[in-house]
Amino acid sequence: MVTKNQSPELEKVLSFLSEIGIDIIEKELQTSFLPGLSLGPNCLYIDFEKLLYPGDILHETGHLAVTTSTERKIAGTNEMAADWPTQGEEIAAILWSFAAAKHLELPIEFVFHPNGYKNDSEWLISNFTSENYIGLPFLEWAGLALGKERATKEGKEAFPKMLKWLRD
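Figured I'd write up the structure that's included with this text.

Calculation rules
- Residues numbered from 1 in each chain as written.
- Predicted model: local features only at pLDDT ≥ 70, side-chain atom pairs only at ≥ 80, totals over all residues.
- Heavy atoms only, no water.
- Axes fitted to C-alpha atoms, helices over the stretch in contact; angles between N-to-C directions.
- Helix = DSSP H or I, 4+ residues; strand = E, 2+ residues; numbered from the N terminus.
- Parallel < 35°, antiparallel > 145°, perpendicular 65-115°, else oblique.
- Left-handed = near helix turned anticlockwise from the far one by under 90°.
- Contact = heavy atoms within 4.5 Å.
- Core = buried A, V, L, I, M, F, W, Y, C linked by side-chain atoms within 4.5 Å.
- Buried < 20%, exposed > 50% of the residue type's maximum accessible area, 1.4 Å probe, protein only.
- Lys, Arg positive; Asp, Glu negative; His and termini not counted.
- Salt bridge = Lys/Arg side-chain N within 4 Å of Asp/Glu carboxyl O.
- Nonpolar A, V, L, I, M, F, W, Y, C, P; charged D, E, K, R; others polar.

### Brief notes about the packing of helix H1 (residues 8-20) against helix H2 (residues 56-65)
Piece 1. Between H1 and H2, the shortest axis-to-axis distance is 10 Å and the interhelical angle comes to 15°. When the axes of H1 and H2 are compared, the pair comes out roughly parallel. The handedness of the crossing between H1 and H2 comes out as left-handed. Mapping the contact onto sequence places Leu10, Val13, Phe16 and Leu17 in H1 and Ile57, Leu58 and Thr61 in H2.

Take a look at the structure:
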């Protein structure tokens, strides 16, 4: 069981989300895809009593972050498209959560724990630590980050540094 004030890592994550403009709403959740987490309009609902893996907070926030601002306002409602997130948005949210973990100086295993990602956590860790950033073209297209080549041309920092944390 996780409590809101249990770990410095969790406090770091919650502070970061506040800084980038994602609201955290403590709420009792009966059912959710990930234990203790659910998405809402520009917010993340967290049931700290049911939250098993605090790193999942970054992944779920990644869904909001890579979604357009218009769609972010209707996330978790009946107005949101039934096929949301798309496969592209899913992999972009995974990569976004990696960038967030790096930014917060958290171990990559904090997000990519063994009980997540359909048993592909080790594969994701291996790819990302080898700088094989699956999903980076989506983040570039969305204006959130730059690959090495484009960053060099533009004199900016390459991924995993982000240009911004939320898509317009």
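### Structural notes on the nonpolar core
What tends to happen in soluble globular proteins is that the nonpolar side chains get buried as a cluster.
Piece 1. Within the largest apolar cluster, 52 residues are counted, with the highest numbers of intra-cluster contacts made by Leu58, Trp96, Phe112 and Phe159.
Piece 2. Those elements giving two or more residues to this core turn out to be H1, strand S2 (37-40), strand S3 (43-46), H2, helix H4 (87-103), helix H5 (108-111), helix H6 (121-129) and helix H7 (136-141).
Piece 3. The biggest single contributor to this core is H4, with nine residues.
Piece 4. Those residues within four positions of Trp96 in sequence are excluded, and the remaining contacts are Phe16, Ile20, Leu58, Thr61, Gly62, Ala65, Val66, Leu139, Met162 and Trp165.

### As for the side chain of Glu60
Piece 1. Its location among the elements puts Glu60 in helix H2.
Piece 2. There is no salt bridge for the buried Glu60, and the closest opposite charge comes from Lys118, which lies 11 Å off by N-O distance.
Piece 3. When neighbours within four sequence positions are excluded, Glu60 is seen to be in contact with Leu34, Leu37, Leu39 and Leu44.

### A look at the packing of H2 against H4
Piece 1. In contact at an axis separation of 8 Å, H2 and H4 are set at 120° when each is read in the N-to-C sense. Classed by the angle they form, the pair H2 and H4 counts as oblique. Read as a crossing pair, H2 and H4 show a hand that is right-handed. Judged by residue contacts, Leu58, His59, Thr61, Gly62, His63 and Ala65 of H2 engage Glu89, Glu90, Ala93, Ile94, Trp96, Ser97, Ala100 and Ala101 from H4.
Piece 2. When grouped by side-chain class, the residues that make up the contact of H2 with H4 number seven nonpolar, five polar and two charged.

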